Amino acid sequence: MKRAIFPGTFDPFTIGHYSIVQRGLSLFDEIIIGIGVNPAKKTLFSIEKRVQIIQQAFENDLRVKIQSYDSLTVDFALLVNAGFVLRGLRSVGDFEYERTIADTNRKLTGVETVILFTESEYSFISSTVARDLISYGKDISSFLPPNVTL
Ligand code: ADP
């Protein structure tokens, strides 16, 4: 059984994240979406709300699990017996950061990182912009996965 984690803050989970997980399901038997919780980092959406959004997006898909964690990401991967970390890459801006983390994780534990390039139609979508739009009272439904309402 090939199992991957898809870690992130997901504040909120967007259609860009959704697309990466959907595509990842052609590579892995199971994907655990890991919501990283850092008590020092303030988020707009509560952990309960972030879980609820992801549940709505993947309703009925038993291959997708959701779990929060407050450890090092790679320790979470080991904890849930996942051999892979799935990540999405939007731009060169993401590249150096992802490479550093991926190399560190592999060196520490042998856990491999699998990176999928974002579909170009979603490459401008980010949780940060979604939160900014919300703060100005804008509707962000086009940023969210299908079937998700806030
Ligand atoms: P983090 O706090 O780790 O940056 P995010 O919630 O922002 O977490 O993102 C989690 C993962 O999703 C990262 O691999 C990120 O590159 C990827 N991602 C973010 N936005 C998009 C998008 N629009 N399309 C594809 N992947 C994305």
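Residues numbered from 1 in each chain as written. Predicted model: local features only at pLDDT ≥ 70, side-chain atom pairs only at ≥ 80, totals over all residues. Heavy atoms only, no water.

Now for the sheet that holds strand β5 (residues 112-117). Reading across from one edge, β3-β2-β1-β4-β5 is the order of the five strands in this open sheet, with parallel pairing throughout. With partners counted over all chains shown, the strands left at the sheet margins are β3 (64-69) and β5, one partner each. The mean angle between the axes of side-by-side strands here comes to 30°, regardless of whether they run parallel or antiparallel. Where strand β4 (residues 84-89) lies against β5, six bridges are found, and the strand directions are parallel. For G88, the partnering residue across the bridge sits in β5 and is L116. Packed on one face of the sheet, helix α1 (residues 15-24) meets β1 (3-8), β2 (30-36), β3, β4 and β5 and runs near 135° to β4. Here helix α2 (residues 47-57) sits on the sheet in contact with β2 and β3, set at roughly 155° to β2. (Pairing = 2+ DSSP bridges. Helix = DSSP H or I, 4+ residues; strand = E, 2+ residues; numbered from the N terminus. Axes fitted to C-alpha atoms, helices over the stretch in contact; angles between N-to-C directions. Contact = heavy atoms within 4.5 Å.)

The next thing to look at is the site of the ligand. Around the ligand sit 16 residues, and of these T9, G88, T118, Y122 and I125 come closest. The separation between an oxygen atom of the ligand and a polar side-chain atom of T9 is 2.7 Å. Contact between the ligand and R90: a nitrogen atom at 3.3 Å from a side-chain N or O atom of the residue. Relative to its free-state accessible area of 550 Å², the ligand is covered by the protein chains to the extent of 86%. Broken down by secondary-structure element, the contributors of at least two residues to the shell around the ligand are β1, α1, β4 and α4 (92-109). By residue class, the composition of the shell around the ligand is six nonpolar, six polar and four charged. (Near = heavy atom within 4 Å. Polar contact = N/O pair within 3.5 Å; in protein donor to acceptor, adjacent residues only side chain to side chain. Areas by Shrake-Rupley, 256 points an atom, 1.4 Å probe, with all protein chains shown as cover. Nonpolar A, V, L, I, M, F, W, Y, C, P; charged D, E, K, R; others polar.)

Quick look at α1 now. For α1, a buried count of eight out of 10 residues is recorded, marking the element as mostly surrounded by other parts of the structure. When α1 is considered as a whole, its buried residues turn out to be I15, G16, H17, Y18, S19, I20, V21 and G24. Sitting at the head of α1, T14 places a side-chain oxygen 3.2 Å from the backbone nitrogen of G16. (Buried < 20%, exposed > 50% of the residue type's maximum accessible area, 1.4 Å probe, protein only.)

Counting across every chain of the model gives seven aromatic pairs. A centroid spacing of 5.3 Å and a plane angle of 35° characterise the contact between F6 and F10, whose relative ring orientation is tilted. Note on F10: relative accessible area 3%, which makes it buried. Between F13 and F58, the ring centres sit 5.9 Å apart and the planes meet at 80°, which makes this aromatic pair edge-to-face. With F13 in the loop between β1 and α1 and F58 in the loop between α2 and β3, the pair connects residues that are 45 residues apart, well separated along the chain. The residues F13 and F58 share a single accessibility class, namely buried. (Phe/Tyr/Trp six-rings, centres within 6.5 Å; stacked < 30°, edge-to-face > 60°.)

As a further point, take the nonpolar core. The biggest cluster of nonpolar side chains holds 28 residues, and the ones touching the most others in it are F6, F13, V21, I33, F58 and L86. Elements that contribute at least two residues to this core include exactly β1, α1, β2 and α2. Take this core: its biggest share by element is four residues, from α1. Look past the residues within four positions of F6 in its chain and what remains in contact with it is F13, H17, I20, V21, I31, I32, I33, G34, L86, R87 and G88. Membership of the second largest hydrophobic core comes to 10 residues, among which are I32, Y69, A82 and V111. (Core = buried A, V, L, I, M, F, W, Y, C linked by side-chain atoms within 4.5 Å.)

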